[in-house]
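# Residue-level structure breakdown
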Amino acid sequence: MNIQLASSLKSHNTFGINATGNLAVFQSAEEIPALMEKTTNSPTLILGGGSNILFTKDPQGWIWKNEIKGIEVLDETNEHVIVRSGAGEGWHNLVMHCIRNNWGGLENLSLIPGKVGASPMQNIGAYGVEVKDVFHSLQAIRLTDGELVTFDQTGCAFGYRESIFKRKLKDQYIIVSVSFKLSKIDHKIKTAYGDIQKELEKSNIQNPSIQDISNAIISIRSSKLPDPTELGNAGSFFKNPVVSSSMADSLQEKFPELVHYPAGDSAVKLAAGWLIEKAGWKGYRRNDAGVHTKQALVLVNYGEATGQEIWQLSEDILLDVQTKFGVTLEREVNIF
Ligand code: FAD
Ligand code: NAP
C-alpha cells in the first residue's frame, strides 16, 4: 500500500483538474482489510484511471486508487474462453491482449481510456457494443463488512451507460476483478455502426478480422476525439437522451435533420452531440473551459480550467438545450 497525503490529483484525472486529496494506492484485494483500518473504513472516492470524473472540489477523507493487475484464463472450451482481469488493468491493454489471442468480443471497445474495474460501472459502450454483451461476472468487496461478493449479469442490472453500482449500490462496493466470456470461433463481427465500414473500405478490407475492426476503430477515434494527454477531457460529457417517439416526431418536424436512432418500443435515442452543436456550442470557449471543436459532446480543459468552470459550462449547455429543444440532458461524467 502506498500512501500519498495531500497529493495533487492533476495526473490522476484525464480532465487535468488540479484538485488535492489523500491517496491510498493498492495492488491486491488482500490489502483492502488493512486499507480499511488505515483509512478508517470507507473511502470518499474509489479511483481507476480518472477518465470519467470531474473534480469540482478537493475530496476530503481518502481516495483509494485501484492498481490490481493481472489477466488470466478461468475456463476454456472449443468455442469460448472466460478471461478474468484485475480491476486495475488498463482497459485498452485487456482489449489488445484478447485481440492478440484472437478472442472476439471486445474489439469494438478499443481505445477507451480507464481501468477494467470501472467498465461495468457505466456499462461502457462504443460502436454498437457494450460491456454487458460479453460480461460474465465480477468480484467486489462490500465496504460495510469486507466480504467478497460475486455479481452475475442480472445482479449488475446493466442499462444504457448504467449499472446497479451507479444507482442502488452506489459507493457500497469496490470492484476487484471482472470476467468476460469471449468467442474463440464463429465470432459475429459488428461493422454496421458509425464509420467502421467506411474506414475498412479505405484500406480495401472485405472480410475483416477482429484486429482489422480494432485498427479501424482506433483510427476513427484518434481522428475525432481529443487525446487527454494533450487536451483535458473525460469523453462524452452527457448521455444521449432517450425520448418518446411522439416527442422525436415533433422535434423532427421543426428540425428535419435531427439525428436520431430507434431505442426500443416507442422510444428514440437522440444524438446529444447534434443537439449541443445545433444550439451553437461547438468550439465555444470560456477561459480554459470549452466545447471540443470536432465533437460537441466532449467538454475540454485547455489547461488551467477549474472543475467549477467546466461544471458551470455544462450547466449552461444543459439549460440552453432544454430551452431550445425541450430535452433534458443528463451528465454521464461522475461529478465529485
Ligand atoms: P474513473 O473515472 O476512475 O471512475 C469512474 C467511476 O467508477 C467513479 O464513480 C469511480 O468511483 C468508479 N470506480 C472506478 N473504479 C472502481 C472500482 N474498481 N470499484 C468501484 N468503483 C469504481 N466511455 C464509454 O463508455 N465509451 C467510450 O467510448 C468512451 N470513450 C472515452 C474517450 C475519452 C477520450 C475519454 C477521456 C473517456 C471516454 N469514456 C468512454 C469514459 C471513460 O473512459 C470510461 O467510463 C471508463 O470506463 C472510466 O474508467 P476509469 O478507470 O477512468 O474510471
Ligand atoms: P458518432 O459515430 O458520430 O455517432 C453519434 C451518436 O449517434 C453516438 O453517440 C451513437 O450513440 C449514435 N449512433 C451512431 N451510429 C448509430 C447506430 N448505427 N445505431 C444507434 N446509434 C448510433 O459518435 P462518436 O462520437 O464518433 O462516437 C462513436 C462511438 O464511441 C459511440 O458509440 C460513442 O458512444 C462512443 N464514445 C463514447 C464516449 C464516452 O465518453 N462515453 C466518448 C467517445 C466515443 P451511442 O453513444 O449510444 O453509441
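The next subject is the site of ligand 2. In the region of ligand 2, 17 residues are neighbours, and Tyr193, Lys224, Lys269, Gln295 and Glu332 sit closest. A distance of 2.7 Å separates a nitrogen atom of ligand 2 from a polar side-chain atom of glutamate 332. Burial of ligand 2 by the protein chains amounts to 80% of its free accessible area of 790 Å². Put simply, the parts of the chain that give the shell around ligand 2 at least two residues each are strand S8 (125-126), helix H5 (210-224) and strand S13 (232-236). Per-class residue counts for the shell around ligand 2 are six nonpolar, six polar and five charged. Taken together, domain 2 (71-183) and domain 3 (232-335) each give at least three residues to the shell around ligand 2, which thus spans both.

Here we come to the packing of helix H2 (residues 91-100) against H5. With their axes 10 Å apart at the nearest point, H2 and H5 run at an angle of 150 degrees to one another. Between H2 and H5, the interaxial angle falls into the category roughly antiparallel. The handedness of the crossing between H2 and H5 comes out as left-handed. Here His92, Met96 and Ile99 of H2 lie close against H5, whose contacting residues are Ile210, Gln211, Ser214 and Ile218. When its residues are assigned to classes, the contact of H2 with H5 shows four nonpolar, three polar and no charged.

The full set close to ligand 1 counts 32 residues, and Ile46, Gly48, Gly49, Ser51 and Arg221 are the nearest of them. Within the backbone of glycine 48, a nitrogen or oxygen atom sits 2.8 Å from an oxygen atom of ligand 1. Glycine 49 is positioned with one of its backbone polar atoms (N or O) 2.7 Å from an oxygen atom of ligand 1. Looking at the shell around ligand 1, the elements with two or more residues in it are strand S3 (45-47), S8, strand S12 (173-183) and S13. Tallied by class, residues from the shell around ligand 1 come to 16 nonpolar, 13 polar and three charged.

All right, on to the domain arrangement of the chain then. Each assigned domain of the chain is listed with its residue range as follows: domain 1 (2-66), domain 2 (71-183) and domain 3 (232-335). Contacts between domain 1 and domain 3 engage 11 residues on the former and 19 residues on the latter. Counting the surface lost from both domain 1 and domain 3, the interface buries some 1,100 Å², and carbon and sulfur atoms represent 53% of this. For domain 1, the biggest contributors to the area lost against domain 3 are Phe15, Asn52 and Leu54; these three give 55% of the whole. Inspection of the domain 1/domain 3 interface yields zero salt bridges. The interface formed by domain 1 and domain 3 includes five residue pairs in polar contact (both at pLDDT 80 or more). Residue classes in the side of domain 1 that touches domain 3 are distributed as five nonpolar, five polar and one charged.

About the cut-offs
Residues numbered from 1 in each chain as written. Chains lettered and ligands numbered in written order. Predicted model: local features only at pLDDT ≥ 70, side-chain atom pairs only at ≥ 80, totals over all residues. Heavy atoms only, no water. Near = heavy atom within 4 Å. Polar contact = N/O pair within 3.5 Å; in protein donor to acceptor, adjacent residues only side chain to side chain. Areas by Shrake-Rupley, 256 points an atom, 1.4 Å probe, with all protein chains shown as cover. Helix = DSSP H or I, 4+ residues; strand = E, 2+ residues; numbered from the N terminus. Nonpolar A, V, L, I, M, F, W, Y, C, P; charged D, E, K, R; others polar. Domains from an automatic or database assignment. Axes fitted to C-alpha atoms, helices over the stretch in contact; angles between N-to-C directions. Parallel < 35°, antiparallel > 145°, perpendicular 65-115°, else oblique. Left-handed = near helix turned anticlockwise from the far one by under 90°. Contact = heavy atoms within 4.5 Å. Buried area = accessible area lost by both parts, 1.4 Å probe. Salt bridge = Lys/Arg side-chain N within 4 Å of Asp/Glu carboxyl O.

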